[in-house]
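What follows is each chain in one-letter form.
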Amino acid sequence: MKTLLCFCFILLTSLVHSAEIPLNDFVRHGDYLDMKISPDGNHLLARARADGLVGLFFLDAKTMKIVGGVRPRENDSIHSAQWINNERVVFQYAEKHSDFDTPMATGELYAVNIDGSKSEMLFGYRAGQSSGGSRMEKRKSTRATPYIISSLEGDDDNILIIEHPWSLKQNVLYDLRENKPVISKLNIYNGRKRKVETLSHPDATVLATSNGNVNFMSWSDNQNKVFSAYRKNADSDWVDLKTAFGTEQTFIPLTINQTSDKVYLKGRSGEQRFANVYELDLATGKLTEIFSDLDMDLISWSFDPVSNQPIMAYSHPNKTKYHYPNSDTPKIKLHKMLVEAFDNQTVIVTSQSEDGQFLLVHVQSDINPGEFYIFDTKAMNARFLWANRSWLDPRQMQPKQPFKFTTSDQVEVKGYLTMPQSEDSSKKPPMVVMIHGGPHGPFDRWEFDSEVQLLANRGYAVLQVNFRGSGGYGKVFEEMGYRQWGGKMIADINEATQFIIEQDKVDGNRICAYGASYGGYAALMSVIRAPDLYQCTIGYVGIYNLHYMYSESDTMQYIGGEAAIEKYIGRDTAQLNEFSPINHVDKIKAEVMLIHGDKDARVPVINANKMHTALEAQGKKVPYLNFGKSGHGVYDEEGRKELYQALLDFLDVNIGNAATN
């Protein structure tokens, strides 16, 4: 009987793996987006998608029965939500306008009790509108972007916020961070607010203690130089952090411990300047590096919600790698136990009850879109709550296989290869080289990616390359890509592609490049630099004329935007011309597909329009999908379905089954 059961399980697993999953299952937005546990541990708040709307739900933590919530208006979404006390939650909407397919945050704060009572708009441009026929305004109208910086422990009625005032440009309001931010105390029941102070630098962020003391501030200037400052109290002058504590490195404050005598800062360590966390003793000025054994940047870190001392951090040199402080506290031991219990997936404690008994745990991996559990530290057991995208079975997903190679100029480059499930191991699959955007800062990680899984499910190997200039591998590695957009960065992508082909895992005669934003740019430049390596290429919201970065992109409107562009691509006209795909359409042998959003402000649609015209002038037939209400990426699910169906059809004709028949 046992043998028969094992055989049936193997057969079932094989059937699960080989099944073609409906396209709609990959293009649907996630349903369980965020969960947090109340301070007393009795309730959960959840941002979840139902009937196409992202709503706010309140649940009994023991029974998981819904006890209240907020249903947004049609096409709107709950953008964020946060417990303030055991009964009250503050949240924000994201509004969907008729001209755009992506909901956008409105800069308004709302509050509601878990039973639905005392619902109030607290802050925003409509907060000053009178109600009930009264001419008296209960609160002030404010055109700004707010962030909660302290829940003000011991004060049940107020929170501390920072407001970033909007700028008016051609009768349109933008959050450009040109104006000095304001710190205010905001009443969570009636919306009345009192100004505490105005900060001296636009785009400043602050670190506040649980009782509202603001002693640390960070900001950047027009050249993107970062500064941090410290003051002993509200009556003291701000002093540059380097001067105050005799440090040479630039640090950004992250959090302060419960006793307010130690602050934790983000800095960089080692020759490669990896992102790390440091402890600063405010009494002695001593700086201590918290995490060691780094071979790339720390991606994320967590602190004990009560003591605010570091518990763990993780990175993705291959799969998830955990880093712990040089101590073995009960919380650290508990996290290590959870990692082992969940088979070394990415395990994060997202929130906990005030007494520490109940932990809300999020678990995800390259094949797991994410699950929430509640862990009882007294009973020492975990109870499953919700799975994001439960319609996707992890057994049908394909794992990311880490790889690394050394480029022709002796630079180590890493990435991931995802192989499709194949019923015929003698046939090598075609491959899509999927190039990440950014390019500086973002990087491909060991995490769930619906695009990768869609392509693998349709029989394609997927190559993801963290070329020089990518984030995640230290500042030195990132800076190696500056002003190399069309040079060494593209060479890394093409050499990685050739390296994988030489491993004899994929069909080297069926290769297609694909990417969005910088990835769309690189998809075109890759086939220009190596015209015989690729059979097709797909540019999605790509930059095809680098001069448009200066003349058309909204990046130029923001503080430090122009300096950032100049740092990344330079101003040398000859190099900008050489690195612009629009000037090399005659070199492209591969079949080309273009996708763009008409409302794209970051990479305006003129890029795709001009590129399409230039390619057709060369006699190439180029499928061009233009989404009239989309910005820098298609958000609407129907639009996404149209996009990916067209993409799959294009791949099929050029490197898929149709290409081999």
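Residues numbered from 1 in each chain as written. Predicted model: local features only at pLDDT ≥ 70, side-chain atom pairs only at ≥ 80, totals over all residues. Heavy atoms only, no water.

1. Some details on the sheet that holds strand S18 (residues 239–240)
In any sheet, the strands associate via hydrogen bonds between backbone groups, in a parallel or an antiparallel arrangement. Defined as follows: Strand pairing is defined by DSSP finding a minimum of two bridges between the two strands. Strands are runs of DSSP state E lasting at least two residues, helices are runs of H or I lasting at least four, and both sets are numbered from the N terminus onward.
Here four strands make up an open sheet; going across it, the order is S15-S16-S17-S18 and the pairing antiparallel. The strands lining the two open edges of the sheet, one partner per strand, are strand S15 (205–208) and S18. As paired strands, strand S16 (residues 214–220) and strand S17 (residues 226–230) are joined by five bridges and run antiparallel to one another. Bridge assignment links Ser218 to a residue of S17, and that residue is Ser228.

2. Notes on the nonpolar core
The condition is simple: For the purposes of this section, nonpolar cores are sets of buried Ala, Val, Leu, Ile, Met, Phe, Trp, Tyr and Cys residues that join through side-chain atoms within 4.5 Å. Accessible area is worked out with a 1.4 Å probe on protein chains only. A residue is then buried under 20% of its type maximum, exposed over 50%, and partly exposed in between.
Formed by 76 residues in total, the largest nonpolar core has its most connected members in Val361, Met431, Trp485, Tyr521, Tyr534 and Met611. Sorting elements by how many residues they give to this core places helix H8 (residues 518–529) first, with eight residues. One finds Leu23, Leu455, Val462 and Leu625 within the second-largest nonpolar core, a separate group that totals 33 residues.

3. Quick notes on unusual backbone geometry
Among all residues save glycine, negative phi is the norm, and among peptide bonds the norm is trans. For the peptide bond that leads from Gly438 to Pro439, omega is -5°, which places it in the cis range. Among the secondary structure elements, Pro439 is positioned in the loop between strand S32 (431–435) and helix H5 (450–457). If you check the backbone angles, Asn224 has positive phi at about 65° while not being a glycine. Note that Asn224 resides in the loop between S16 and S17.

4. What about empty space enclosed by the protein?
Leftover empty space is mapped by rolling, across the atoms, a probe with the size of a water molecule. For clarity, the cut-off: Lining residues are defined by having an atom within 4 Å of a point belonging to a cavity or pocket. Those points lie on a 1 Å grid over the protein atoms alone, cavities being sets where a 1.4 Å probe fits but cannot get out and pockets being open sets with protein on both sides within 12 Å along at least five of seven lines. Grid points are joined across faces, edges and corners, and a volume is the space filled by probe spheres set on the points. Classes in brief: Ala, Val, Leu, Ile, Met, Phe, Trp, Tyr, Cys and Pro nonpolar; Asp, Glu, Lys and Arg charged; the others, Gly included, polar.
Considering all chains together, one arrives at one cavity of 30 Å³ or more under this definition. Empty space within the largest cavity amounts to approximately 40 Å³. Taken together, Phe26, Val27, Ser450, Glu451, Leu454, Arg640 and Tyr644 make up the lining of the largest cavity. When contributions to the lining of the largest cavity are tallied by element, the ones reaching two or more residues are helix H2 (23–27), H5 and helix H13 (637–654). With three residues, H5 is the single largest residue contributor to the lining of the largest cavity. In terms of residue class, the lining of the largest cavity is made up of four nonpolar, one polar and two charged.

5. Looking at the packing of aromatic side chains
When we look at a pair of aromatic rings, we describe it by the centre distance and by the angle of the planes. The following threshold applies: Each pair of aromatic rings taken from Phe, Tyr and Trp, with Trp reduced to its six-membered ring, is defined by centres within 6.5 Å and is described as stacked if the planes are under 30 degrees apart, edge-to-face if over 60, and tilted in the remaining cases. In this scheme, Lys NZ or Arg CZ marks a charge over a ring once it lies within 6 Å of the ring centre and within 35 degrees of the ring normal.
The final tally for this structure, using the stated rule, is 24 aromatic pairs. Centroid distance Tyr32 to Trp386: 4.1 Å. Interplanar angle 10°. Geometry classified as stacked. Linking Tyr32 in strand S1 (residues 32–37) with Trp386 in strand S29 (residues 381–387), this pair joins segments that are 354 residues apart in sequence. Exposure remark for Tyr32: the relative accessible area of 24% places this residue in the partly exposed category. Here Phe443 and Tyr473 contribute two aromatic rings whose centre-to-centre distance is 6.2 Å and whose plane-to-plane angle is 75°, an arrangement assigned as edge-to-face. With Phe443 in the loop between S32 and H5 and Tyr473 in the loop between strand S33 (461–466) and helix H6 (475–479), the pair connects residues that are 30 residues apart, well separated along the chain. Of the two residues, Phe443 and Tyr473, both sit in the buried class. One aromatic cluster in this structure is built from Phe467, Trp485, Tyr518 and Tyr521. Here Arg28 stacks its cationic end above the ring of Trp391, 3.4 Å away from the centre of that ring.

6. Digging into the state of the cysteines
Which entries qualify depends on this criterion: In this description, the term disulfide denotes a pair of cysteine sulfurs within 2.5 Å.
What the rule picks out here adds up to one disulfide. Between the sulfur atoms of Cys512 and its disulfide partner Cys536 the distance amounts to 2.2 Å. Residues Cys512 and Cys536 share a disulfide whose torsion about the S-S bond is about -135°; that sign makes it left-handed. On the criterion of sequence distance, the pair formed by Cys512 in strand S34 (residues 511–516) and Cys536 in strand S35 (residues 536–540) is long-range, its members being 24 residues apart.

Everything listed here is a matter of geometry and, on its own, says nothing about what the molecule does.
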